[in-house]
Amino acid sequence: MAYECTDGGTGAGGSAEPGVSDSLRTFGAFVQALREHASLSREEFGDLVRFSKHTVASIEQGRRMPDRDFVERAEAALGNTGALRKAAPHLSRQAGLASWFRQWARVETTAISLYTYECRVVPGLLQTEAYARAVSLDVPPLPDPEELEQRIAARLARQELLAVTRKPPTAFSFIVEQAVLERWTGGECVTREQFDRLLELIERNWNVEFQVMPLRQPSHAGMDGPIMLAETPDNRWFAYSEGQQNGRLIANAKEISLLQQRYAKLRSQALTPEDSLGLLKRLRGAL
């Protein structure tokens, strides 16, 4: 069974510990009530579901999004009522994430590998606040001020996934079209700050690989649009496809295999990480 899970991940439309939402608090309180009804301590319950008591506490307090394994094991440990299984798809991390992106956002939180090819905008995980704001204001309809701030806050919160202090740290691969970088989204000042952000991440975060797809590339495997791939701790793969006002979590093995083949081809067609870094520095120096 798939727990299908935007600010939009990138455009107008997280973190290892998602922002507390009413749905997470409610789900956590329900887990705690069922656990206590079964006369189980957090440690005893943790042993049954094979999660630490600290993880159990985080979920019960609404500070952590429960993953598929937790929900299924908790169901078995707490009487197989089906209540947790039915509630899980309706959980949201925090305000600002569009409904169609929330399923992918759940996958992101525990992924050990995340691959992104983007031909529209700088990926959301790499955006500065100013860039995110410019993108959000570019695409009609204009959000109201509160919605705009929620959207930007949610996108910036997701960037905690990039931290090398996570255990284990997630391995990232980004491929971005050179045309995206040279579009000057938001103007010169926003673009300058965005380049500085990219350079800082690439040089500081050893878990981030960044490649630029050059403007002239006669052979290109990304003609069908953006690609997002994620590997879970149990080495399962998921993919995500996003379009105008919609998105889809992909769990079908054949579809994922096809996207993996395309992504591998894109990596070979893009500039090397070293050459990409050099290009970024030249583009930044020209501003």
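Residues numbered from 1 in each chain as written. Predicted model: local features only at pLDDT ≥ 70, side-chain atom pairs only at ≥ 80, totals over all residues. Heavy atoms only, no water.

A. Region of the structure containing the nonpolar core. Ranked by internal contacts, the top residues of the largest apolar core, which has 37 residues, are Trp104, Leu181 and Phe210. The leading source of residues in this core is helix α10 (residues 188-204), at six residues. (Core = buried A, V, L, I, M, F, W, Y, C linked by side-chain atoms within 4.5 Å. Buried < 20%, exposed > 50% of the residue type's maximum accessible area, 1.4 Å probe, protein only. Helix = DSSP H or I, 4+ residues; strand = E, 2+ residues; numbered from the N terminus.)

B. Spotlight on the sheet that holds strand β6 (residues 246-250). Taken in spatial order, the six strands of this open sheet run β3-β2-β1-β4-β5-β6, and their pairing is mixed. Two strands bound the open sheet, and with one partner strand each, they are β3 (208-213) and β6. Strand-to-strand twist of the sheet, defined as the mean angle between neighbouring strand axes without regard to direction, takes the value 10°. Note that strand β1 (residues 113-118) and strand β2 (residues 171-177) share six bridges and pair parallel. Counted as the bridge partner of Thr116 is Phe174 from β2. Relative to the sheet, helix α6 (residues 102-110) contacts β1, β4 (227-231), β5 (237-243) and β6, its axis offset from that of β4 by approximately 45°. Across the face of the sheet, helix α11 (residues 253-269) comes into contact with β1, β2, β3, β4, β5 and β6 while running at roughly 110° to β4. (Pairing = 2+ DSSP bridges. Axes fitted to C-alpha atoms, helices over the stretch in contact; angles between N-to-C directions. Contact = heavy atoms within 4.5 Å.)

C. Main features of the pattern of salt bridges. Summed over all chains, the structure comprises 17 salt bridges. Overlapping salt bridges bring together Arg35, Glu36, Arg42 and Glu60 as one network. (Salt bridge = Lys/Arg side-chain N within 4 Å of Asp/Glu carboxyl O.)

D. Geometry of the environment of Glu255. Take Glu255: it is sitting in helix α11. In sequence terms Glu255 and Phe238 are 17 residues apart; their C-alpha atoms lie 9.5 Å from each other. Other than its neighbours up to four places away in sequence, Glu255 contacts Arg248 and Ile250. Within the structure, the side chain of Glu255 is placed 3.0 Å from the side chain of Arg248, a separation counted as a polar contact. (Polar contact = N/O pair within 3.5 Å; in protein donor to acceptor, adjacent residues only side chain to side chain.)

E. Representation of the packing of aromatic side chains. All told, the structure shown has six aromatic pairs when counted by the stated rule. A centroid spacing of 6.0 Å and a plane angle of 85° characterise the contact between Phe45 and Phe70, whose relative ring orientation is edge-to-face. With Phe45 in helix α2 (residues 42-49) and Phe70 in helix α4 (residues 68-77), this residue pair connects regions lying 25 residues apart in the sequence. Here Phe45 and Phe70 have matching classes, each one buried. A ring pair is formed by Phe51 and Phe70, whose centres lie 5.6 Å apart and whose planes are at 75°; its orientation type is edge-to-face. (Phe/Tyr/Trp six-rings, centres within 6.5 Å; stacked < 30°, edge-to-face > 60°.)

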